[in-house]
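# Structure at a glance
The residues making up each chain are set out below.
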Amino acid sequence: MLANHLPSALDLARSQFAFTVVWHFLFPAFTIGLASYLAVLEAFWLATDRPVYLDTYRYWLKVFAVAFAMGVVSGLVMSYQFGTNWSVFSDKTAPVLGPLLGYEVLTAFFLEAGFLGVMLFGMERVGPRLHFLATCLVAGGTLLSAFWILSANSWMQTPAGYSLDADGRFVPESWTAVIVNPSFPYRFAHTVTAAYLTTAMIVGAVGAWHLLRDRTNPRARLMFSMAMWMAAIVAPVQLVLGDLHGGNTYHHQPAKVAAMEGHFDSVTRAPSILFGWPDAQAAETQYEIGIPGLASLYLAHDLNAKVTGLKDLPRDTWPTNLPLVFWAFRVMVGLGMLMIGLGLWSLVLRYKGRLFETPWLHRCAVAMGPSGLIAVTAGWVVTESGRQPFTVYGLLRTADSVSPIAAPAVAASLAAFAVVYFAVFGAGIWYLFHLFNQTPRPHESGPPVGQPVRTAGITPAPALAGDAHLQPAE
């Protein structure tokens, strides 16, 4: 009897992938924006020769190195799960998704790996301009990685440019249609902008934290000022991009949008439900509080438009966890509105000359530090949970994608992942907070100068000038 109440292998496989991808996504969501921020800082330093830019660059370079390493390690695990837990999905989609993920490795990952060492350790060895090129290439690599990964994910959401062979495998017919599928441009713009805002919130929080300690610290002032410019300009842009992305999703995945909005009935002047609890069994949203007509306005851009509800869609296409999709969407939007509010508040205080003189703004910025990470996680939950019960939307069900593996085996690996992830990445995150807590100082430490670089199998002894006893014999 107990076995009937235990999670199935499918539920455990979904939980395992969700657990690992949430941990992984936290780091690229930060490093994509941070790499570009570092490139901007170094560009300003080269253009102005002001040490404050270089000091701030070196401060965040240490953070980038740790976060980037954790992102790479956490991402490796997910690819193995395609073979262990989702072998049927891998077999059927490999002709399409395999090349996309392969190109991500061949282009973005190799670009990042090739120039990351120069970026981290090469400023005193290759010169500032070549070092700046390395920083730009690493930043470009992070964006290129996002391009390929989001193209693959978007194809799973809105498949295009394919045909099915005799074995039911997806075979590409047009790579242009596969890569630039209907939802990709919107998802790419929305996700990359979210990464920039995530970085802005973290940088702003760290700058604000140090301003609360010493409001005259020029490096903290620079961090906070640049972060607030990003919040003031990009957060409203993200609102527009989110609206465009939502309209695209409403056209291609109406069940997902109906779940996000909590709409069961198709009605004109559809309300935007602010609070409520979607009940799939009763087919209604209980305790709802909404604004009449607002959903029709932002979904169809027509106050009197009719919005499709879940009851007009096949029951077996409804997302499997309606409350999760509903509330994750509200967390994402709510935090986005708070970012806009923080940016506008900073603009007003900047105009009044009090940007660095208002402790309450700084305290709010510190509190908003994790908001970007929470918002992108909530957005991922909306995207992926709203796609259920499909892995390839409308074509391949999740239940038909899982490997023929026993539940205890998946449960054991999930437990092992949980222990290792909380230990390893918990320590890594603690170390990041340790770096955040360090006061940004002038002449931030960089790579050692004048020290030999030891490479496997090569002795550095001949490079040690002045150590005659280490020089080779005449």
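Please read all numbers here as calculations on a predicted model, not as lab measurements.

Where nonpolar side chains cluster on the molecular surface, the patch consists of Tyr-103, Val-105, Leu-106, Phe-109 and Phe-110 and spans about 480 Å² of accessible area. Note that Leu-106 resides in helix 3 (residues 87-121).

With that settled, the discussion passes to unusual backbone geometry. Gln-388 connects to Pro-389 through a cis peptide bond whose omega is 15°. Relative to the elements of secondary structure, Pro-389 occurs in the loop between helix 13 (371-387) and strand 7 (390-392). Although it is not a glycine, Arg-269 adopts a positive phi angle of roughly 50°. Position of Arg-269 relative to the elements: it lies in the loop between strand 3 (267-268) and strand 4 (272-279). A relative accessible area of 39% means that Arg-269 is categorised as partly exposed. Residue Tyr-287 is not a glycine yet carries a positive backbone phi of 60°. By the element assignment, Tyr-287 lies in strand 5 (residues 284-291). A relative accessible area of 69% means that Tyr-287 is categorised as exposed.

Okay, the nonpolar core next. Trp-60, Phe-64 and Phe-224 are the most contacted members of the largest nonpolar core, which totals 82 residues. The greatest single-element share of this core, amounting to 14 residues, is contributed by helix 2 (residues 51-84). The residues that make up this core include at least three from each of domain 1 (21-181 + 406-440) and domain 2 (197-404). In this structure, Phe-64 is in contact with Thr-31, Leu-34, Ala-35, Leu-38, Leu-116, Met-119 and Val-138, ignoring residues within four places of it in sequence. Tyr-250, Ala-270, Ala-295 and Val-307 belong to the second-largest nonpolar core, a separate cluster that totals 24 residues.

Bringing the packing of helix 11 (residues 322-351) against helix 13 into the picture now. Two numbers describe how helix 11 lies on helix 13: the axes approach to 8 Å, and their chain directions differ by 150°. Here the hand of the crossing between helix 11 and helix 13 comes out left-handed. Along its contact with helix 11, which presents Leu-324, Val-325, Ala-328, Phe-329, Val-331, Met-332, Leu-335 and Met-339, the element helix 13 presents Ser-371, Gly-372, Ile-374, Ala-375, Ala-378, Gly-379, Val-381, Val-382, Ser-385 and Gly-386.

With that settled, the discussion passes to the pattern of salt bridges. On inspection of all chains with the given rule, the structure shows seven salt bridges. The salt bridge partner of Asp-55 is Arg-219, with a shortest N-O separation of 3.9 Å. Placement of the pair is Asp-55 in helix 2 and Arg-219 in helix 8 (residues 218-252), with a sequence separation of 164 residues. Arg-219 matches Asp-55 in its accessibility class, with the two residues each being buried. A salt bridge links Glu-124 to Arg-58, with the nearest nitrogen and oxygen atoms 3.0 Å apart. In this pair, Glu-124 is assigned in helix 4 (residues 123-126) and Arg-58 in helix 2, connecting sequence segments 66 residues apart.

In the structure shown here, the tally under the stated rule is 28 aromatic pairs. Of the aromatic side chains, those joined through ring pairs into one cluster are Phe-19, Trp-23, Phe-27, Phe-417, Tyr-421, Phe-422 and Phe-425. Just above the ring of Phe-326 sits the side chain of Arg-330; from NZ or CZ to the centre is 3.5 Å.

What follows is about helix 14 (residues 407-437). With 31 residues, helix 14 should cover 45 Å at 1.5 Å per step; its first-to-last C-alpha distance of 43 Å lies within 8% of that length. Those residues of helix 14 that sit buried are Val-410, Leu-414, Tyr-421, Phe-425, Gly-428, Leu-432, Leu-435 and Phe-436. Among the structural elements, helix 1 (9-48), helix 2 and helix 7 (184-213) are those in contact with the buried residues of helix 14.

What counts, and at which threshold
- Residues numbered from 1 in each chain as written.
- Predicted model: local features only at pLDDT ≥ 70, side-chain atom pairs only at ≥ 80, totals over all residues.
- Heavy atoms only, no water.
- Patch = residues over 30% accessible without salt bridge, like charges linked within 9 Å, V, L, I, M, F, W, Y side chains within 5 Å.
- Areas by Shrake-Rupley, 256 points an atom, 1.4 Å probe, with all protein chains shown as cover.
- Salt bridge = Lys/Arg side-chain N within 4 Å of Asp/Glu carboxyl O.
- Helix = DSSP H or I, 4+ residues; strand = E, 2+ residues; numbered from the N terminus.
- Buried < 20%, exposed > 50% of the residue type's maximum accessible area, 1.4 Å probe, protein only.
- Core = buried A, V, L, I, M, F, W, Y, C linked by side-chain atoms within 4.5 Å.
- Domains from an automatic or database assignment.
- Contact = heavy atoms within 4.5 Å.
- Axes fitted to C-alpha atoms, helices over the stretch in contact; angles between N-to-C directions.
- Left-handed = near helix turned anticlockwise from the far one by under 90°.
- Phe/Tyr/Trp six-rings, centres within 6.5 Å; stacked < 30°, edge-to-face > 60°.
- Lys NZ or Arg CZ within 6 Å of the ring centre and 35° of its normal.
- Expected span 1.5 Å × (residues − 1).

Function cannot be read off these values alone, since they describe shape.
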